[in-house]
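Now for the letters of each chain:
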Amino acid sequence: MLRTTGILLGFLQLIVLFPSIFGSAAEEALQEYLFKSSGYNKDVRPAPLPNDTVVMNFGLSVTQILDVDEKNQIITTGVWMDQYWTDYRLEWNASNFSDVDSVIVPFSWVWYPDLVLDNSAEGDYLLPTWKYVTVYNDGQIWVTPPGTLKSPCRIDVRYFPFDEQYCFMSFGPWEFTAFSVIMNPINDRVLKENYVENVEWDLYNSSVELIADLDECCPDEAYSTINFTLILRRRPLYYILNILIPCAAMSFLTLGVFYLPPDCGEKMTLSISVLIALSVFSLLVADIMPPTSDSSPLIGTYLLFNMAVNAMSILISVVILHFHFRSPKMYRMHPGVKKLFIETLPVYIGLSSKRMTATYIRPKRNSNTIEPNDNEKLEVISLENHKPKSETQSYDDSKDKTIPKSGNGALTVPKTVLGRDRKSVV
């Protein structure tokens, strides 16, 4: 019984393994037919006639925007490069090989043009290759190697952080001219297969352009290339919350400086604090932006304008505090200003510089306070003939204050009395 069971199990295993053994033999025979017995040479261009052109179909699929180095203006992308071309020497009849219509062979066995990334930002311009390729019975060869590409990308930061960047990648053969190998785009745009979103940049759109400059005068100088354009749009939320809103708040604080009274000791402190904060934000923006003179970001101009307004508010606050805390004893009026406002302007505005009315209150002796009394109020009628004391002579309150009489009996008040203590004049 056990012997019969073992025989049945062995027979079943033979049935299961027979197709695979047969299939492996068919693939081995196929490889022997294609690459050994036929004398295949991978260094020869697969063109039936010398003047025929080999069409290299090329497509690009972006899997992730790995990095956008704005200071060095380099973009790093993870891509899949779809490529296929036709090699007429690798055609076979599938019915002769157990209906095997495709075979996977090492990449180094087949012909492959020297495709490069023309605008590579690395030292190696050759495209990454894969270990195997798939060959079909009609002669088509497919390969989709993944890779990480670095290419230069001109960063325009004028509308930062609401900017869009256009990054280009150019692919084409290095040695083969357009008469030998011509590029053909598989799709009219860059595909987003298994795409992983970037936290800062969004792949908004893309385009593909075929460039085949076939100049009649210099055919050996013409090359066929494909330009892929990636249109990236920045995600502005981070910069709005961390730069734009704080800068706007600082701008409103600059206006708040003028609402503080001069007696408040924090007027200058607030102005200088706002200026320092704006300087810090300006340094943050400058650290992100590339060192270019082609265009300046509008946010940098906005910060510079806010700093200029804040500096003007500091200067105005200094002038306001100066006039608020200055004492009449600190400065003397210039004679020219005095003549302008005392003698010249009153004539043109309907006032007389020769008549003025004032009331003098005589303080009591041995008292620092002034107690007004109706009997002590004196009206000054004329100051025309009065000669003031010298401005260098000080007025002494300790002496008895008497009011001299003029020749016509009118009472006059010295100018030093009127100019020294204005609280004594009502």
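Student: Would you mind going over the overall build of the protein chain with me for this structure?
Tutor: Tallying secondary structure elements over the protein chain gives six helices and 13 strands in all. Per-residue burial for the protein chain yields a buried fraction of 32% across its 426 residues. Across the protein chain, contacts joining residues at least 24 apart in sequence account for 74% of those joining residues at least 6 apart. For the protein chain, the accessible surface area stands at approximately 27100 Å², while carbon and sulfur atoms represent 58% of it.

Student: Would you mind going over helix α2 (residues 237-256) with me for this structure?
Tutor: Every α-helix carries 3.6 residues per turn, so stepping three or four residues along brings you back to the same face. Helix length check: α2, at 20 residues, gives a terminal C-alpha distance of 28 Å against a target of 28 Å (1.5 Å per residue), a fit within 8%. At Leu244, α2 shows its largest bend, some 30 degrees, and a proline, Pro246, comes one to four positions later. Taken together, the buried positions of α2 are Tyr239, Ile243, Cys247, Met250, Ser251 and Thr254. Contacts made by the buried residues of α2 are with β11 (224-234), α3 (267-288) and α4 (298-325).

Student: Even after reading the chapter, I still don't get the pattern of salt bridges, so can you show me in this structure?
Tutor: Two side chains carrying opposite charge are able to pair once their charged atoms lie near each other. The final tally for this structure, using the stated rule, is eight salt bridges. Asp87 is the partner of Arg89 in a salt bridge, and the nearest nitrogen-oxygen pair spans 3.1 Å. Classification of Arg89 as partly exposed rests on a relative accessible area of 23%. Salt-bridge contacts for Arg234 lead to Glu200; the nearest nitrogen and oxygen are separated by 3.1 Å. Remark: Glu200 occurs in the loop between β9 (181-185) and β10 (201-212) and Arg234 occurs in strand β11; sequence separation between them is 34 residues. What makes Arg234 buried here is its relative accessible area of 3%. Residue classification places Glu200 among the partly exposed residues on the basis of a relative accessible area of 23%. Each of Glu70, Asp163, Glu200 and Arg234 takes part in a single network of salt bridges with overlapping partners.

Student: Is there a simple way to think about the pairing of strand β7 (residues 146-152) in this case?
Tutor: When a strand is regular, its side chains alternate between the sheet's two faces. Of the two faces of β7, the one holding Gly147, Leu149 and Ser151 is buried and the one holding Pro146, Thr148, Lys150 and Pro152 is not buried anywhere. One ladder, built from seven bridges, connects strand β2 (residues 74-91) with β7; its direction is antiparallel. Bridge assignment links Val79 to a residue of β7, and that residue is Gly147.

Student: How do you make sense of the packing of aromatic side chains when you look at a structure like this?
Tutor: Each aromatic ring pair is specified by the distance between its two centres and by the angle formed by the two planes. In this structure the tally under the stated criterion is 12 aromatic pairs. Relative to Tyr239, the ring of Tyr238 lies with its centre 5.2 Å away and its plane at 85 degrees, an arrangement referred to as edge-to-face. By relative accessible area, Tyr238 is classed as exposed at 56%. Taken together, the aromatic side chains of Phe35, Tyr40 and Trp109 make up a single cluster linked through ring pairs.

Student: Looking at this structure, I do not really get the environment of Leu275. What am I missing?
Tutor: With respect to the helices and strands, the residue Leu275 is situated in helix α3. For Leu275, a relative accessible area of 23% gives the class partly exposed. A C-alpha to C-alpha distance of 6.1 Å links Leu275 and Met307, two positions 32 residues apart in sequence. Residues within four places of Leu275 in sequence aside, it is in contact with Met307, Asn310 and Ile314.

So, how was this worked out
- Residues numbered from 1 in each chain as written.
- Predicted model: local features only at pLDDT ≥ 70, side-chain atom pairs only at ≥ 80, totals over all residues.
- Heavy atoms only, no water.
- Helix = DSSP H or I, 4+ residues; strand = E, 2+ residues; numbered from the N terminus.
- Buried < 20%, exposed > 50% of the residue type's maximum accessible area, 1.4 Å probe, protein only.
- Contact = heavy atoms within 4.5 Å.
- Areas by Shrake-Rupley, 256 points an atom, 1.4 Å probe, with all protein chains shown as cover.
- Expected span 1.5 Å × (residues − 1).
- Bend = angle between axes of the 7 residues up to and from the residue.
- Salt bridge = Lys/Arg side-chain N within 4 Å of Asp/Glu carboxyl O.
- Pairing = 2+ DSSP bridges.
- Phe/Tyr/Trp six-rings, centres within 6.5 Å; stacked < 30°, edge-to-face > 60°.

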